[in-house]
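# Summary of the model geometry
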Amino acid sequence: MDRDAIHQSSTAAEQAPQSGRHAQTVKRNGTPPSASPCPPSTYARYDQMAQNYSSSQAATSVTGASYHHHVRARPSGVANMEDGRTDAVTATDQDSFYSYHSSQDLSSFVKEIDGRMFNAQSELYMMPSDNGEFQRLDKQHYALVLGLGGLYPCPNVVESILEPSNQGEPRSILDLGCGSGIWAIEMARKYPNAAVVALDLAPCSVDLEAVPSNCRFEIDDINLGLSHYHGQFDVIHARCIGSGILSYGEMMLDVEACLKPGGIAIFIDGDMTVYQEDMVSPIEIGHDEDDAPGPPRGSWMARLAREMRFAAVLNGSDIDGLENRIDEGMWDHHLIDPASVGVGSLFTPIGPWLQSPNSHEQQQLQYIGSLIRQDLTVC
């Protein structure tokens, strides 16, 4: 049996620090953006964890069933929210999306299609937003954590950035496309000194009692822009969100602008290619032999991955930009210190059959393979 692997690519870079905390010498170009959050009238935020707001956050949050005209225009290709779902959800051509109090009906943010729940903000992202999907994403999370050896690559850099400040300055983490919320919750537990914001197109199904007090969840569409977050975060994590992005390159620049000077952005995504055990040769795509007898040839898992990629491209996702930008890195990005950029690859087995002379390594690889197998089949 072929010992196939899925290729996950990641790239990470730091903004040039003002204080030289990480010994880079290239300064960030331009004036650092203000770290103070924009007032609620300039952007929409739905907070699932209102009890985790500080007093100042609660005082400046939108409450009730009001909505605001927003300064951000909805890009082409992103669907407007449907009219008439509730009195508070009344979309217009000018309004992009809305601010809600935490008591607002969560059903306004999801829709049902063929028995599955999907986000109601964007037609671009095609995966479900329900408990079955969250369980799949949890399996994917554990597989990637085992493969990386932790919650993030370049651990020494991330941990030094998130160390408590001698001046008492709070640390901040942003998780873009948080899915089930598992990464954000684990980061909040690992770094109780940091404020963690987890953002997604749809509400997460989380146990409120299990959410640390320093973690909150917000509903937003990254494609609408992140200007209300500029200059606010020490660590930003964007994992496996490419199929829901209109322009991956523009998204990366927007994310980088959300960093504080000296912060780090981590982008991780898959290239939808299935490889041989040598992790170089792609598996032959499954196909029928029209002019020859015998069984079909190639891998139908590879065929499925290819068709999913094509479907995302046809739906408007910038998969080509994702693949190019992840591989090219961020050396030419004006906010980023080029000396700090790193690009790496992670190959994960897609089944529990790998063998290794090291029993511990074999056990880990087979467990990762089992998780990825479920990740690819439980949808």
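## Here's the deal with the packing of helix H2 (residues 131-148) against helix H8 (residues 359-377)
Between H2 and H8, whose axes approach to 8 Å, the crossing angle comes to 150 degrees. By the angle between their axes, H2 is roughly antiparallel relative to H8. Remark: the crossing between H2 and H8 carries left-handed chirality. Side by side, H2 and H8 meet where Arg136, Lys139, Gln140, Tyr142, Ala143, Leu146 and Gly147 of the first sit next to Gln364, Tyr367, Ile368, Leu371, Ile372, Gln374 and Asp375 of the second. When the residues that make up the contact of H2 with H8 are grouped by side-chain class, the tally is seven nonpolar, four polar and three charged.

## So, the pattern of salt bridges
Using the criterion set out here, one finds 15 salt bridges in the structure. Here Arg136 and Glu133 are joined by a salt bridge, their closest N and O atoms 2.6 Å apart. Here Glu133 and Arg136 lie together in helix H2, a separation of three residues that amounts to about one turn. Under the relative-accessibility criterion, Glu133 is labelled buried at 1%.

## With respect to H8
In a regular helix each residue adds 1.5 Å, so 19 residues correspond to 27 Å; H8 covers 27 Å between its end C-alpha atoms and thus fits that length. Of all the residues in H8, the buried ones are Ile368, Gly369, Leu371, Ile372 and Asp375. What you see down the axis of H8 is that its buried residues fit within an arc of 170 degrees, all on one side. Pointing more than 90 degrees away from the buried face of H8 are the exposed residues Ser359, Gln363 and Thr377. Among the structural elements, H2 and strand S10 (342-349) are those in contact with the buried residues of H8. The opening residue of H8 is Asn358, an N-cap whose side-chain oxygen sits 2.9 Å from the backbone nitrogen of His360.

## Notes on the packing of aromatic side chains
This model, assessed by the stated rule, comprises three aromatic pairs. Centre to centre, the rings of Tyr229 and Phe233 are 5.5 Å apart; their planes meet at 80 degrees, and the pair counts as edge-to-face. We classify Tyr229 as buried; its relative accessible area is 3%. Taken together, a centroid distance of 5.6 Å and an interplanar angle of 80 degrees make the contact between Tyr275 and Phe347 edge-to-face. Placement of Tyr275 in strand S9 (residues 259-275) and of Phe347 in strand S10 is noted, with a sequence separation of 72 residues between them. Look at Tyr275 and you get buried, because its relative accessible area is 13%.

## Thoughts on the nonpolar core
Formed by 27 residues in total, the largest nonpolar core has its most connected members in Leu176, Met251 and Phe267. Elements with a minimum of two residues in this core: strand S5 (171-176), strand S6 (194-200), strand S8 (233-239), helix H5 (248-257), S9 and helix H7 (319-328). For this core, the leading source of residues is H5, giving four residues. Ignoring any residue separated from it by four or fewer positions in sequence, one finds Met251 in contact with Ile222, Ile241, Ile245 and Phe267. By size, the runner-up hydrophobic cluster in this structure holds 26 residues, among which are Leu162, Ala188, Tyr191 and Ile266.

## Some details on the pairing of S5
Summarising burial for S5: six of the six residues are buried, a large majority. Read as a crossover between parallel neighbours, the route from S5 over helix H4 (residues 182-190) to S6 is right-handed.

Calculation rules
- Residues numbered from 1 in each chain as written.
- Predicted model: local features only at pLDDT ≥ 70, side-chain atom pairs only at ≥ 80, totals over all residues.
- Heavy atoms only, no water.
- Axes fitted to C-alpha atoms, helices over the stretch in contact; angles between N-to-C directions.
- Helix = DSSP H or I, 4+ residues; strand = E, 2+ residues; numbered from the N terminus.
- Parallel < 35°, antiparallel > 145°, perpendicular 65-115°, else oblique.
- Left-handed = near helix turned anticlockwise from the far one by under 90°.
- Contact = heavy atoms within 4.5 Å.
- Nonpolar A, V, L, I, M, F, W, Y, C, P; charged D, E, K, R; others polar.
- Salt bridge = Lys/Arg side-chain N within 4 Å of Asp/Glu carboxyl O.
- Buried < 20%, exposed > 50% of the residue type's maximum accessible area, 1.4 Å probe, protein only.
- Expected span 1.5 Å × (residues − 1).
- Arc of directions from axis to C-beta.
- Polar contact = N/O pair within 3.5 Å; in protein donor to acceptor, adjacent residues only side chain to side chain.
- Phe/Tyr/Trp six-rings, centres within 6.5 Å; stacked < 30°, edge-to-face > 60°.
- Core = buried A, V, L, I, M, F, W, Y, C linked by side-chain atoms within 4.5 Å.
- Right-handed = clockwise from strand over helix to strand, strands pointing away.

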